[in-house]
Amino acid sequence: MIERQLQPLLHELVGVVHAPTSALGDATGQIRPTGVQGVFHADARVLSRAEVRVDERELEGLTRGDDGPHGARFVGLARWLGDPTPDPTVRVERLRRATGNGVTEELRIVSTATVGVRATVTVDLGCDLAPIETVKSGGTTTALEAKTGQPGLLTWSAAGITVTVSAPGADVLATAEHATAPRLTWPVDLAPGGETTLSWKLTVEDPRAVVVSPAGGPEWSRPTVTADDRRLVRLLNRSLDDLRGLRLAETGAPADVFLAAGVPWFLTLFGRDSLWAARMMLPLGTDLAAGTLRVLARRQGTRVDPATGEAPGKILHELRRHEFTVPGNGLRLPPAYYGTVDATMLWVNLLHDAWRWGLSAEQIEPLLPHLEAALGWLGEHADPDGDGLVEYVDTTGHGLSNQGWKDSGDAVRFHDGTLATAPIVLAEVQGYAHEAAMNGAALLDAFGRPGADRWRDYAAGLVRRFRDSFWVDGRYGPQPALALDRDKRPVDSLTSNIGHLLGTGLLDRDEEAQIAGLLATDTLAGGFGLRTMATDDAGFSPLSYHCGSIWTHDTAIVLGGLARAGHRTAALGLAEGLLSAAEAFDYRLPELYGGDDRSLLHRPVPYPAACRPQAWSAAGAVLLLQAATGLYPDVPGGTVRLAPLAGPELGGLHVDGLRVGDASVTVTVDQTGDTTVTGLPTRLTPLTPTIPTQRHPTTPALH
């Protein structure tokens, strides 16, 4: 039998992060030389082993918990030491913290014994400096030899990276069989009831890294929230801690902060992920959006290059230090890769939404040439066959075959399970394009730039083309297809993608209501959130990456669209799914999880290779908070719309510290849904919307 090379599993590992550094170990705190365990820094594994033993024996794991935004604490027992009673009298607390360029660990040995305790504490280390893509593919690695010099000091060097471990008071063994598995050793002698603390520190020198840890604190406010549903408070607090750990800046531009995509594979700049996360974070301020927009604008495409996917005006997909090559599947991505169909429109939409939330003209005006270039890409390069729809195809044979957010190779399937053939025209991408055209036109008008009418005409034409090409008769009435294939046939599976159309302006009110009904069916919403594909499509699998699993950010985006459009029942159903999932995952929502029915285990099934934490998953908590408060400002237009999801079903809440422009805003929604807002700039007029009539999912075909 051929041995498969498998991606290592993540779901039971415990992570700490201070981007671009992260550490993953098991539930007892050990970092073992297996799978994806290790300390990672900017696309390299800088430590592959850190195993603690006392008297050559492993501790018995007792519990673990978070320790601030970058740390975790593990508690273990050494029951062979101390008093010979049923109660343990010697425990070891292991505190691990990530820093921007390494990790620190403290080992606190505490005795409550009535006798003295003597023991030897060791830490066995290893370093392979494996590239992240080698680890991700389950490839084999070789431990490097360590060098010793000063007492308590170890170093490893390769590929321009130097890793140093310092351990005050420790003896270092790094010769013979310990050359590739060096050991730190401390003798411990405790008086009755005594304790001691040992420590070691890892630092990384990596001058060729393309990303760095930014200085200072977060670029967003941290609101104070009280809510009848305490799950919302816990989810928000944990998510904001995780987001603090995911802050990054590009080397050479430390002032422009963005969010890394996720631990461990994606601790770098990802256009789509960073843009969506910044957009979700707008209720807490516009600084993160401004930094994200600037860093991506600096790398905006200027030429046509099929090898990288670059085109004039196009926004980057991802940035690495070197070519990202996955053995065995032919994927080879250049260090700066532009293979994304949606990031350019998302950049335009973030700029527009940040403007609506109060981003100053002084920050917007330098970005207007990049806005015009992005719109130019939409008009000149996004539609290679000239049919008026945005499409993609990988022409290299070694790039991403799918270039929407569902970018796995099997993500675009017909109802019968057949794979669609590229070029692919994704449904949600047409929505993003319509929104970007209208948003771009609004910005051009507001800042006295020409060309707005062209983009309004483009948007109007896109509405007609979408209505003619995408709507099909589905099992629950009319539905937009997931996509069009090479022959412009509608890919007729029912997927979460259609939820991204809400609020883009591509649909009329009746069409949005029909989609809201579809999204509320059990086939899509019967799990702990929104399934990526309906259960009665042939391609459905609850643990398929994009064909049946539930993605946190996807559910949050669609929930936000439903709430904004007034489809309260459907939005509340997704909110309950997310909050229930958050509770099961200790409020650190993963990238994705299984799309099984809620009745299977009464808790979500982990997707075993999901990133955790991940930026747009964590930022989804802020989008949920915004939907709950119902705060939708238009600072340039002088209004703020109030349409809270909180109220009778979700409960009341009070939020202090939202940001609208330069103002700190407080929102209170009582259990009846009545809203009080204080702190708004005086030039803003609150508006209460008319709620659209709900539409049942079995409504007869519209087209």
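Our structure is the block above this text.
So, empty space enclosed by the protein
Moving on, step 1. With the rule as written, the count across this model stands at seven cavities of 30 Å³ or more.
Moving on, step 2. Looking at the lining of the largest cavity, the elements with two or more residues in it are β6 (60–66), β7 (71–77) and β8 (90–99).
Moving on, step 3. For the lining of the largest cavity, the leading source of residues is β7, giving three residues.
Moving on, step 4. Residues of the lining of the largest cavity, tallied by class, amount to five nonpolar, four polar and three charged.

Points about the packing of aromatic side chains
Moving on, step 1. This structure, assessed with the given rule, holds ten aromatic pairs.
Moving on, step 2. Aromatic pair Trp455 and Tyr458: ring centres 5.6 Å apart, planes at 65 degrees, arrangement edge-to-face. Taken together, the residues span about one helical turn, with Trp455 and Tyr458 both in helix α9 (residues 452–469) at a distance of three residues. Side by side, Trp455 and Tyr458 carry an identical accessibility label, which is buried.
Moving on, step 3. Between Tyr545 and Trp551, the ring centres sit 5.0 Å apart and the planes meet at 70 degrees, which makes this aromatic pair edge-to-face.
Moving on, step 4. Residue Tyr545 is classed as partly exposed on the basis of its relative accessible area, which comes to 23%.
Moving on, step 5. Among the aromatic side chains, those forming a connected cluster through ring pairs are Trp405, Tyr545, Trp551, Tyr607 and Trp616.
Moving on, step 6. When the ring centre of Trp265 is taken as origin, the NZ or CZ atom of Lys136, which lies over that ring, is 5.7 Å away.

Looking at helix α7 (residues 368–380)
Moving on, step 1. Relative to the 18 Å expected for 13 residues at 1.5 Å per residue, α7 spans 18 Å between its end C-alpha atoms, a close match to the ideal helical length.
Moving on, step 2. Turning to α7, its buried residues number three or more, namely Leu368, Leu371, Ala374, Leu375, Trp377 and Leu378. All buried residues of α7 fall inside an arc of 170 degrees around its axis, so they share one side.
Moving on, step 3. Contacts from the buried residues of α7 go to α5 (343–357), α6 (361–364), α8 (427–446) and α9.

Description of the sheet that holds strand β11 (residues 130–131)
Moving on, step 1. Spatially, β1-β2-β3-β4-β11 is the arrangement adopted by the five strands of the open sheet, whose pairing is antiparallel. Of all the strands in the sheet, just β1 (14–18) and β11 have a single pairing partner and so form its edges.
Moving on, step 2. As defined by bridge partners, strand β2 (residues 21–25) adjoins strand β3 (residues 38–41) across four bridges and the pair is classed as antiparallel. Considered in β3, the bridge of Ala23 is made with Val39.

Focus: the nonpolar core
Moving on, step 1. Ranked by size, the top nonpolar core spans 188 residues in total, and within it Trp347 and Val412 carry the most contacts.
Moving on, step 2. For this core, the element with the highest residue contribution is helix α15 (residues 615–629), accounting for eleven residues.
Moving on, step 3. Core analysis: the next-biggest nonpolar cluster, separate from the first, contains 47 residues, Leu59, Ala72, Ala98 and Trp156 among them.

A closer look at the pattern of salt bridges
Moving on, step 1. Inspection of every chain in the model, using the stated rule, returns 55 salt bridges.
Moving on, step 2. Here the salt bridges do not stand alone but share partners, grouping Asp26, Arg32, Arg49, Glu51, Arg53, Glu56, Glu58, Asp124 and Arg183 into one network.

What counts, and at which threshold
Residue positions are given per chain, counted from 1 along the sequence in the order it is written. For a predicted model such as this one, the threshold for reporting local features is a pLDDT of at least 70, and the threshold for listing and counting side-chain atom pairs is 80 or more; totals across whole chains, interfaces and linings nevertheless cover every residue. As a rule here, side-chain values come from all non-hydrogen atoms in the structure, and water together with hydrogens is ignored. Points on a 1 Å grid, built from protein atoms alone, make a cavity when a 1.4 Å probe fits but cannot get out and make a pocket when they are open with protein on both sides within 12 Å along at least 5 of 7 lines; residues with an atom within 4 Å of a point are the lining residues. Grid points are joined across faces, edges and corners, and a volume is the space filled by probe spheres set on the points. Secondary structure elements are defined from DSSP: runs of H or I of at least 4 residues count as helices, runs of E of at least 2 residues count as strands, and each element is numbered from the N terminus. Polarity classes work like this: nonpolar for Ala, Val, Leu, Ile, Met, Phe, Trp, Tyr, Cys and Pro, charged for Asp, Glu, Lys and Arg, and polar for all others, with Gly in that last group. Pairing of aromatic side chains requires ring centres within 6.5 Å, counting the rings of Phe and Tyr and the six-membered ring of Trp. Pairs whose planes differ by under 30 degrees are stacked, by over 60 edge-to-face, and all others tilted. Exposure categories follow from relative accessible area, calculated using a 1.4 Å probe and restricted to protein chains: below 20% of the type maximum is buried, above 50% is exposed, and the middle band is partly exposed. Two conditions define a charge sitting above a ring: the NZ of Lys or the CZ of Arg must be within 6 Å of the ring centre, and it must be within 35 degrees of the ring normal. The span expected for a helix works out to 1.5 Å for each residue beyond the first. Note that the arc is defined by the directions from the helix axis to the C-beta atoms. Whether two residues are in contact is decided by their heavy atoms: any pair within 4.5 Å suffices. Pairing between strands is defined by DSSP: at least two bridges between the two strands are required. Take the buried Ala, Val, Leu, Ile, Met, Phe, Trp, Tyr and Cys residues and link them wherever side-chain atoms come within 4.5 Å; each set so joined is a nonpolar core. Whenever Lys or Arg places a side-chain nitrogen within 4 Å of a carboxyl oxygen from Asp or Glu, that contact is recorded as a salt bridge.

In short, shape yes, function no, at least from these values alone.
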